[in-house]
Amino acid sequence: MFDCAPPLCPTPLMQSAAFEAALRACGQRPMRLSCGTLMLRRKVAGLPVAMLPRATLSDPALTLSLAREITRAPLLMSPARPNDLSEQGALPLVSPARQALLALQPDNAAMRAKLHQKWRNRLKHGEKAGLKVRHHPLPWRSDHWLLQADTAQQRARGYSNWPVPLTLGFAATTPRAAILFEAFQGADPVAALLILRHGTTATYHIGHTTTAGRAASAHTLLMWTAMCWCAGHGHQWLDLGLVETQRNAGLARFKLGTGADVVPLGGTWVHWPPLRPLRRLTWLDRKAMIP
């Protein structure tokens, strides 16, 4: 289903022109290789590294050659799909995660028919809860309630997302690329989710629901509204992010209830000539990189 040619394939958020513009707005200096792949540069424990996040890597040898013309630093490659990079001298570092990817349809009735039954029941509940739903571009304000709630939730649950300036940079540099969906009970916001748009794909970026919002199935209603809106605005895919059934089973069920498919990412590989003597020690790790 996903071995297809552009523009039908999902567009990885971290390889998009909108993401590149957001990075530059935050003072970073990503580089676009001549093959089209975006390369980032960071420091990890004080050591300069280069990164190819969610890269398509249709020609790994060419991409690696172009990257090596620019940097000799350790190169972290995270293919958008499983790809055996050991032939290029890369070593496996992190095994592949799984992504929930929803194929959108312009026919809302057909898309609704693919919802899981419990998800569809919650949607019906949300539609009858008397919520007011609206959508609009994300305001360029770091004090917006959704951004503050997401930051607090990250601290409480011990995970990290994009920094707020990067999210605001995404909204500021590409018009209507960050669309906010909100649900209200009266004048009070009870749920919100933020969708980032990039090419044929939209990405579910962050979301938050209050206790009152959960009781009214507000997040389900907002997700359905976003699905229909994205399909109606020419997007073919909705990237719902990682599926972590052990760490966050409830969120995984919510994502998969939309009818999304679970697809493997490519893990993370490191290419750095000083590590070549270790290649023979990574055979088992290499097997884990190709599901």
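Structure: see above.
What you are looking at is a predicted structure, and each value in this text was computed from that prediction instead of being measured.

Novice: Go over the overall build of the protein chain, please, and point to the residues and values.
Specialist: A count of helical and extended segments in the protein chain gives ten helices and 13 strands. In terms of C-alpha radius of gyration, the protein chain reaches 20 Å, essentially the compact-globule figure of 19 Å for 291 residues. Sorting the 291 residues of the protein chain into buried and exposed places 47% on the buried side. On the protein chain, roughly 14500 Å² of surface is accessible, and the fraction owed to carbon and sulfur atoms is 55%. In the protein chain, 34 positive and 16 negative side-chain charges are present, and the distance between their average locations comes to 4 Å.

Novice: So what about the sheet that holds strand β13 (residues 268-271)? Which residues, and what values?
Specialist: Taken in spatial order, the six strands of this open sheet run β1-β2-β3-β4-β13-β5, and their pairing is mixed. Only two strands of the sheet have a single partner each, and these edge strands are β1 (31-32) and β5 (91-94). Across the sheet, helix α2 (residues 60-68) is in contact with β2 (38-44), β3 (47-55), β4 (75-79) and β13; its angle to β4 comes to roughly 150°.

Novice: Which residues make up the sheet that holds strand β6 (residues 98-103), and what values do they have?
Specialist: The strand order across the open sheet built from seven strands is β7-β8-β9-β10-β11-β6-β12, with neighbouring strands paired in mixed fashion. Each of the sheet's edge strands pairs with one partner strand only, and the pair in question is β7 (132-137) and β12 (261-264). If you compare each strand with its neighbour and ignore which way they point, the axes differ by 30° on average. As paired strands, β6 and β12 are joined by four bridges and run antiparallel to one another. Note that in β12 the partner of Ala100 across the bridge is Val262.

Novice: Go over the pairing of β2 with me, naming the residues and quoting the values.
Specialist: Bridging between β1 and β2 involves two bridges; their strand directions are antiparallel. What sits directly across from Arg32, in β2, is Leu38. Between the antiparallel neighbours β1 and β2 lie five residues, among them Gly36 with a positive phi of about 100°. Pairing analysis gives five bridges linking β2 to β3, with the strands arranged antiparallel. Bridge pairing in β3 places Lys43 opposite Pro48. The antiparallel hairpin formed by β2 and β3 contains two residues in its connecting segment, where Ala45 sits at a positive phi of about 55°.

Novice: How would you explain the nonpolar core if you had to name every residue and give the values?
Specialist: Ranked by size, the top nonpolar core spans 35 residues in total, and within it Ile195, Met223, Met227 and Leu238 carry the most contacts. At the level of secondary structure, the elements contributing two or more residues to this core comprise β6, α4 (117-127), β8 (178-185), β9 (188-198), β10 (201-209), α8 (218-232), β11 (237-242) and α9 (249-256). Top element by residues in this core is α8. It accounts for eleven residues. Beyond its immediate chain neighbours, meaning those up to four positions away, Ile195 contacts Ala177, Ala178, Ile179, Phe181, Ala202, Thr203, Tyr204, Ala226, Cys230 and Leu238.

Novice: Go over the side chain of Asp150, please, and point to the residues and values.
Specialist: Inspection of the secondary structure assignment puts Asp150 in helix α5 (residues 145-157). For the buried Asp150, no salt bridge is present, and the opposite-charge side chain at shortest range is Arg157, 8.2 Å distant.

Novice: Just give me the short version of the pattern of salt bridges, but keep the residues and values in it.
Specialist: All chains considered together, the criterion is met by six salt bridges. The closest approach of N and O atoms between Glu182 and Arg134, which form a salt bridge, is 3.6 Å. Highlighted residues: Glu182 in strand β8 and Arg134 in strand β7, separated in sequence by 48 residues. With relative accessibility at 3%, the residue Glu182 sits in the buried group. Between Arg247 and Glu244 there is a salt bridge, with the nearest N and O atoms lying 3.7 Å from each other. Note on Glu244: relative accessible area 33%, which makes it partly exposed. Here the salt bridges share partners, and the residues they tie into one network are Glu20, Arg24 and Arg32.

Criteria and thresholds
- Residues numbered from 1 in each chain as written.
- Predicted model: local features only at pLDDT ≥ 70, side-chain atom pairs only at ≥ 80, totals over all residues.
- Heavy atoms only, no water.
- Helix = DSSP H or I, 4+ residues; strand = E, 2+ residues; numbered from the N terminus.
- Rg over C-alpha atoms; globule rule 2.2 N^0.38 Å.
- Buried < 20%, exposed > 50% of the residue type's maximum accessible area, 1.4 Å probe, protein only.
- Areas by Shrake-Rupley, 256 points an atom, 1.4 Å probe, with all protein chains shown as cover.
- Lys, Arg positive; Asp, Glu negative; His and termini not counted.
- Charge placed at Lys NZ, Arg CZ, Asp CG, Glu CD.
- Pairing = 2+ DSSP bridges.
- Contact = heavy atoms within 4.5 Å.
- Axes fitted to C-alpha atoms, helices over the stretch in contact; angles between N-to-C directions.
- Core = buried A, V, L, I, M, F, W, Y, C linked by side-chain atoms within 4.5 Å.
- Salt bridge = Lys/Arg side-chain N within 4 Å of Asp/Glu carboxyl O.

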